[in-house]
Amino acid sequence: MKHVLNTLYLTQEGAYVQKDGMSVVVRKDHEKIAQFPLLAIGEIVCFGFGISVSPALTEYCTKEGVTISWLDGSGRFLARMQGPTQGNVLLRRAQYRVADDPPRALDVARCCVAAKIQNQRNTLLRFARNHPEVDGIEEIRQALSLMETTHSSLRKAASVDSLRGMEGDAAEAYFGVFDRMILVPGPDFRFNSRSRRPPLDRVNALLSYTYSILALDLRSALESVGLDPYVGFLHVERPGRPSLALDVMEEFRSAFADRLVLSLVNLRQVDAAGFVVQPTGEVEMTPETRKMLLAAYQKRKRETIHHPFLEEDLDIGVAFLAQSRLLARHLRGDLEIYPAFLWR
């Protein structure tokens, strides 16, 4: 079974990262604060400003296919450095042809949306099954019914725009009862609605940050199999937007990212003091909370799940790569449909 390499997350602003033999050494104010084996690292992600990477480490990363990404403190993407583009031109040409063919693009997008809605439903069903007496259980059941109706209507969508509308309806129903799955009493972690840029409460800050990291992982997985992460089928294309990574990420949002955030909140692994409310209303995590979230994210990626299409057990992080390969097989014509990932 293939194992996913580690992602090195750097959160110390002003840190200097360098290559020392076959190790990565992190220094702050000329003092060594961490050291990691190079062979175990598949990507380096720098959060915040003022993090420098040595020329020797940069050269090694470009030659060995280790990408280096920079994000701001809120998790917004800034830049990315990588070596020569991987994959063959024939696969990308096939991808572009499908993207330019509305019926075929709609078929792929429909698979992504169908999996997203079903995975959202599975998250709600699992919660309702484990907490049948929770306040608001009837609202959850009503949301499940609405989402089931929307899911059944996806086959009738005649265009990607129509499909996006259906996906939006299901998301509204899902996030309309998301707060019911938060078991911590009091106002600190209440969730009223999804707010993205900026996040306006603590739960939205956790969700947005987790989605940003997940998008990076999906972009890396797609590039590793030779696909262009910027040419998608569901999300609107615009300069700098990894549309295909966002398409595939829909399958992983609820069962991976949302469940991770709910677990951190409900198990009280985060507290209100770990967030800062800016004068604009934007809520940001403290560095300590970001480190805790990143550690939990990495741990979750190494959990084993059963892949229903491949019929084998995989690390969750490897499932990102597996879905990218299955999408490539569909675009090449080896699979009649794209088997989007369904979580149990």
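What counts and how
All residue numbers refer to position in the chain's written sequence, counted from 1. Local features in this predicted model are restricted to residues whose pLDDT is 70 or higher, and side-chain atom pairs enter the listing and the counts only when it is 80 or higher, whereas totals over whole chains, interfaces and linings include all residues. As a rule here, side-chain values cover all heavy atoms of the structure and leave hydrogens and water aside. For two strands to be treated as a pair, DSSP must find no fewer than two bridges joining them. Secondary structure counts use DSSP, requiring at least four H or I residues in a row for a helix and at least two E residues in a row for a strand, with both numbered from the N terminus. For helices, the fitted line uses only the C-alpha atoms of the stretch in contact; every axis is such a line through C-alpha atoms, and the angle between N-to-C directions lies from 0 to 180 degrees. In this description, contact between two residues means that some pair of their heavy atoms is separated by no more than 4.5 Å. Expected helix span is taken as 1.5 Å per residue step, with the number of steps being one fewer than the number of residues. We call a residue buried when its accessible area falls under 20% of the maximum for its residue type, exposed when it is over 50%, and partly exposed in between, using a 1.4 Å probe and counting protein chains only. Within 3.5 Å is the distance limit for a polar contact, defined as a pair of N or O atoms, with the added protein rule that one can donate a hydrogen and the other accept it, and that residues adjacent in sequence qualify only through two side-chain atoms. Working definition: roughly parallel below 35 degrees, roughly antiparallel above 145 degrees, roughly perpendicular at 65 to 115 degrees, and oblique for all remaining angles. Take the far helix as the reference: if the near one is turned anticlockwise from it by less than a right angle, the crossing is left-handed, and if turned clockwise, right-handed. The nonpolar class holds Ala, Val, Leu, Ile, Met, Phe, Trp, Tyr, Cys and Pro. Asp, Glu, Lys and Arg form the charged class, and all remaining residues, Gly among them, are polar.

**A few points about the sheet that holds strand E7 (residues 67-71)**
With mixed pairing, four strands are arranged side by side in an open sheet as E1-E5-E7-E8. Either end of the sheet is taken by a strand with one partner, and the two such strands are strand E1 (6-10) and strand E8 (77-81). Going from strand to strand, the sheet's axes swing by 20° on average, the running direction of each strand aside. Pairing of E7 with E8, which is carried by four bridges, proceeds in the antiparallel orientation. Following the sheet pairing, Leu71 is matched in E8 by Phe77. Helix-sheet contacts for helix H9 (residues 287-301) involve E1 and strand E5 (41-47), and the interaxial angle to E1 is about 175°.

**Some thoughts on helix H6 (residues 202-224)**
In this model H6 runs 34 Å from its N-terminal to its C-terminal C-alpha over 23 residues, within 8% of the 33 Å that 1.5 Å per residue would give. Extensive coverage of H6 is indicated by the burial of 21 of its 23 residues. Its side-chain oxygen placed 3.1 Å from the backbone nitrogen of Val203, Asp201 serves as the N-cap of H6. Just downstream of H6 lies Gly226, where phi reads positive at about 100°.

**Some words on the sheet that holds strand E4 (residues 31-37)**
Read from one edge to the other, the open sheet built from four strands follows the order E4-E3-E2-E6, with strand pairing classed as mixed. Taken across any chain shown, the strands that pair with only one partner, and hence form the sheet edges, are E4 and strand E6 (52-53). Both strand E2 (residues 16-20) and E6 contribute to a ladder of two bridges, which runs parallel. The partner of Tyr16 across the bridge, within E6, is Ser52. Strands in contact with helix H1 (residues 55-64) are E2, strand E3 (23-28) and E6; relative to E2, the strand with the most contacts, it is inclined by about 70°.

**A look at the packing of H6 against helix H10 (residues 316-332)**
A pair of packed helices can be characterised by two numbers: the angle between their axes and the separation between those axes. Two elements in contact, H6 and H10, have axes whose closest approach is 8 Å; the angle formed by their N-to-C orientations is 45°. Between H6 and H10, the crossing angle belongs to the class labelled oblique. In this structure, H6 crosses over H10, and the sense of that crossing is right-handed. Between H6, through Leu214, Asp217, Leu218, Ala221, Leu222 and Ser224, and H10, the contact on the second element is made entirely by Phe320, Leu321, Ser324 and Leu327. Residues of the contact of H6 with H10, tallied by class, amount to seven nonpolar, two polar and one charged.

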